[in-house]
Amino acid sequence: MLHAWLVEDLPGARVRVLTQETQHDRPAAAPAQERPNPMLNGHQAWLDGLVGAASK
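What you see is a predicted model; the values in this text were computed from it and never measured.

Caption draft 1: Representation of helix α2 (residues 38-54). Between its first and last C-alpha atoms α2 spans 24 Å; for 17 residues at 1.5 Å apiece the expected length is 24 Å, and the two agree. Where α2 begins, the side chain of Asn 37 points an oxygen toward the backbone nitrogen of Met 39, at a separation of 2.8 Å.

Caption draft 2: Geometry of helix α1 (residues 26-33). Of the positions making up α1, those classed as buried are Ala 28, Pro 31 and Ala 32. Viewed along the axis of α1, the buried residues span an arc of 105°, placing them on a single side of the element. The exposed residues of α1 that point more than 90 degrees off its buried face are Arg 26 and Gln 33. For α1, the secondary structure elements touched by its buried residues are α2.

Caption draft 3: Examining the pairing of strand β1 (residues 2-10) more closely. Inspection of the sheet shows β1 paired to strand β2 (residues 14-22) by 9 bridges, in the antiparallel sense. Opposite Asp 9, over in β2, you have Val 15 as the bridge partner. Between the end of β1 and the start of β2, which pair antiparallel, lie 3 residues, with Gly 12 showing a positive phi angle near 75°.

Caption draft 4: Spatial organisation of the pattern of salt bridges. Taken as a whole and assessed by the stated rule, the structure comprises 1 salt bridge. Where Arg 16 meets Glu 8, a salt bridge forms, and the shortest distance between an N and an O atom there is 3.1 Å. A relative accessible area of 27% places Glu 8 in the partly exposed class.

Caption draft 5: Representation of the packing of aromatic side chains. Applying the stated criterion across every chain yields a total of 1 aromatic pair. Where Trp 5 meets Trp 46, the ring centres are 5.7 Å apart and the plane angle is 50°; that geometry is what we call tilted. Of this pair, Trp 5 sits in strand β1 while Trp 46 is found in helix α2, placing the two residues 41 residues apart along the sequence. For Trp 46, a relative accessible area of 36% gives the class partly exposed.

Caption draft 6: Looking closely at a nonpolar patch on the surface. Residues Trp 5, Val 7, Val 15, Trp 46 and Leu 50 make up a contiguous nonpolar surface patch of about 500 Å² in total accessible area. Of all the secondary-structure elements, those providing two or more residues to the nonpolar patch are β1 and α2. Within the secondary structure, Leu 50 sits in helix α2. A residue is classified by how much of its surface remains accessible, and Leu 50, at 36% relative accessible area, is partly exposed.

Rules of the game
- Residues numbered from 1 in each chain as written.
- Predicted model: local features only at pLDDT ≥ 70, side-chain atom pairs only at ≥ 80, totals over all residues.
- Heavy atoms only, no water.
- Helix = DSSP H or I, 4+ residues; strand = E, 2+ residues; numbered from the N terminus.
- Expected span 1.5 Å × (residues − 1).
- Polar contact = N/O pair within 3.5 Å; in protein donor to acceptor, adjacent residues only side chain to side chain.
- Buried < 20%, exposed > 50% of the residue type's maximum accessible area, 1.4 Å probe, protein only.
- Arc of directions from axis to C-beta.
- Contact = heavy atoms within 4.5 Å.
- Pairing = 2+ DSSP bridges.
- Salt bridge = Lys/Arg side-chain N within 4 Å of Asp/Glu carboxyl O.
- Phe/Tyr/Trp six-rings, centres within 6.5 Å; stacked < 30°, edge-to-face > 60°.
- Patch = residues over 30% accessible without salt bridge, like charges linked within 9 Å, V, L, I, M, F, W, Y side chains within 5 Å.
- Areas by Shrake-Rupley, 256 points an atom, 1.4 Å probe, with all protein chains shown as cover.

Have a look at this one:
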């Protein structure tokens, strides 16, 4: 599994976080087929955590 994050500083004291992942080969095959997808849910939880920390 490969992950990429692009964090951009935006005007108005804002930040944009773009995430991307790819899942290849046998170790990633099973999680990629699960519903709900644990990798997508993990990324969303990470993003939700960033929002929560930034708004404190």
